[in-house]
Each structure stands twice: as structure tokens, then as C-alpha cells.
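The residues making up each chain are set out below.
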Amino acid sequence: MLDRVIGRGQNGTDKVGLGATRRPVIGLALGGGAARGFAHIGIVKALIAHGIVPDVVVGTSIGAVVGGAYASGHLDTLEEWARSLQPRSVLSYLDIRLNGSGLIGGTKLAAELEASIGPTLIEDLPIKFATVATEVRTGHEIWLTHGRMVDAMRASYALPGIFSPVLVGDRWLVDGALVNPVPVSTPTARRSIPMARPLR
């Protein structure tokens, strides 16, 4: 079914790119928006239902969570979890901290992501994927295109003052929406960017 939607070549490869016989490369940029960002799930499903299957997915904040779930094949699991959330269950995920750099530690939410996605690496995904985060020290925009999915997603939604910053490599990172709320400029489709490279 999916083969027919995206169009396979005679040798089994995708016919993606420029030219009269090839479909264009489709990129999907998913922005922030806190809990309202779960609406991205319905948008992604609607696009796929109409034969619009992205080759590149980039997300900021909650968009990184939804985009990562789609890219790793766990969008249905994320939707089921999001639909099950009630005020009491939301509180159970909030590991409140009265000291440190964030009100919420984020370890319980990270454990939920870990349970669904596991130790998946971005570079092992079947499509190109990136998240956007902000480096605490410099304020630079950081593109995460390699490494653990869960770490990249956590860094992208770590809203300062609410969630603790996430250490990726040698950089402390926070919410990507601070520098790029809708990441259409992330160059994942053009070239491979090493993990945690700043935008100059």
C-alpha cells in the first residue's frame, strides 16, 4: 500500500527528486504549541491518508515529539497516550523540583518516551529527521540530526523554567521554539549536519 503511495522505482528504490518522472522531495516542519501541538498527530495522519508522505521531518518542541514518533513508527502509540491523558494522570508525570534550573525534572516523561521509542538513533530512522534546540550558553540554534531520539526530543521541548536543560554532548540545550518556532529553515534535506552544530 505504502509503496503505491510513494511510488517505487523498478529496482525497488523511491522515485524521489527533481525531474518529470520523479515526485518532489516532501519536507514537514512541525512547530511548538505545548499541549495544542498534539494536533500535529491528526495533521500528519491526514497528509498520509491523502498520499502526501514526507521524506524529511523536522520538529521543534512538541513538534519534535510528534515528528519523532512518526519517523520512528510510533505515532499511533503517541496518539493513544495523548488521548488517555486526564488531569490526574498528567500530574503523575510531573516530577516537581523546588531546586535546580527547572520546575519539572522531566525524567518521568522521558521514561515514557524511552518505553515507546527505546534506544533508537536518529541516523537509523527510515527517513531524515531532525529536532531543533537552543544552546543555553550562546543562545545558538542547534540542529540535532544524530544520536538518541529521546535525548533530541527532550532537548527540543525543555522549556526554560519548566523543564530542566538537557545535556547533549558537551552542550546544555533547551526548547527550540525560543529560536525557531516553526523549523522550515533546518537544512536536513540538503546535507547531513553533525549533532549539536550551531546555526551561524
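Residues numbered from 1 in each chain as written. Predicted model: local features only at pLDDT ≥ 70, side-chain atom pairs only at ≥ 80, totals over all residues. Heavy atoms only, no water.

Enquirer: Even after reading the chapter, I still don't get the side chain of Glu135, so can you show me in this structure?
Expert: Topologically, Glu135 is positioned in strand β4 (residues 128-135). Among the residues examined, Glu135 registers a relative accessible area of 5% and is labelled buried. Side chain to side chain, Glu135 and Arg171 meet in a polar contact 3.3 Å long. (Helix = DSSP H or I, 4+ residues; strand = E, 2+ residues; numbered from the N terminus. Buried < 20%, exposed > 50% of the residue type's maximum accessible area, 1.4 Å probe, protein only. Polar contact = N/O pair within 3.5 Å; in protein donor to acceptor, adjacent residues only side chain to side chain.)

Enquirer: Can you help me understand the packing of helix α2 (residues 39-49) against helix α4 (residues 75-84) in this one?
Expert: Describing two packed helices takes the angle between their axes plus the distance from one axis to the other. Direction vectors running N to C along α2 and α4 enclose 145 degrees, while the axes themselves pass 10 Å from each other. α2 and α4 meet at a crossing whose hand is left-handed. Residues Ile41, Val44 and Lys45 of α2 pack against Leu75, Asp76, Leu78 and Glu79 of α4. Its residues placed into classes, the contact of α2 with α4 shows four nonpolar, no polar and three charged. (Axes fitted to C-alpha atoms, helices over the stretch in contact; angles between N-to-C directions. Left-handed = near helix turned anticlockwise from the far one by under 90°. Contact = heavy atoms within 4.5 Å. Nonpolar A, V, L, I, M, F, W, Y, C, P; charged D, E, K, R; others polar.)

Enquirer: Mind showing me how you'd approach the pattern of salt bridges here?
Expert: A side chain of one charge can pair with a side chain of the opposite charge when the charged atoms of the two come close. Here the structure, examined in full by the defined rule, presents seven salt bridges. Residues Asp76 and Lys45 are paired through a salt bridge, measuring 2.7 Å at the closest nitrogen-oxygen approach. You can see Asp76 sitting in helix α4 and its partner Lys45 sitting in helix α2, a full 31 residues away along the chain. On the basis of relative accessible area, Asp76 is assigned to the exposed category, the value being 52%. For Lys45, a relative accessible area of 30% gives the class partly exposed. (Salt bridge = Lys/Arg side-chain N within 4 Å of Asp/Glu carboxyl O.)

Enquirer: Even after reading the chapter, I still don't get helix α7 (residues 149-157), so can you show me in this structure?
Expert: Within an α-helix, residues lying three or four positions from one another point in the same direction, as the helix has 3.6 residues per turn. Of all nine residues that make up α7, eight are buried, and the element is covered over most of its length. Along α7, the positions that sit buried rather than exposed are Met149, Val150, Ala152, Met153, Arg154, Ala155, Ser156 and Tyr157.

Enquirer: When you look at the pairing of strand β8 (residues 171-175) in this model, what are you seeing that I'm missing?
Expert: Remark: a regular strand shows side chains that alternate across the two faces of the sheet. Across three bridges, β4 lies against β8 in antiparallel orientation. Paired with Glu135 across the two strands is Leu173, which belongs to β8. Bridge count between strand β7 (residues 166-168) and β8: three bridges; the pairing is antiparallel. The residue bridging Val168 from the neighbouring strand is Arg171, located in β8. Once β7 ends, the chain turns through two residues before running back antiparallel as β8, passing Gly169 with a positive phi of about 65 degrees. (Pairing = 2+ DSSP bridges.)

Enquirer: For this particular structure, what's the right way to read unusual backbone geometry?
Expert: Trans is the prevailing form of peptide bonds, just as negative phi is the prevailing case for residues other than glycine. A positive phi angle, near 60 degrees, is found at Ser61, a position not held by glycine. Following the sequence through the fold, Ser61 ends up in the loop between β2 (56-60) and α3 (62-71). On the accessibility criterion, Ser61 (7% relative accessible area) is buried.

That is the geometry; function is a separate question.
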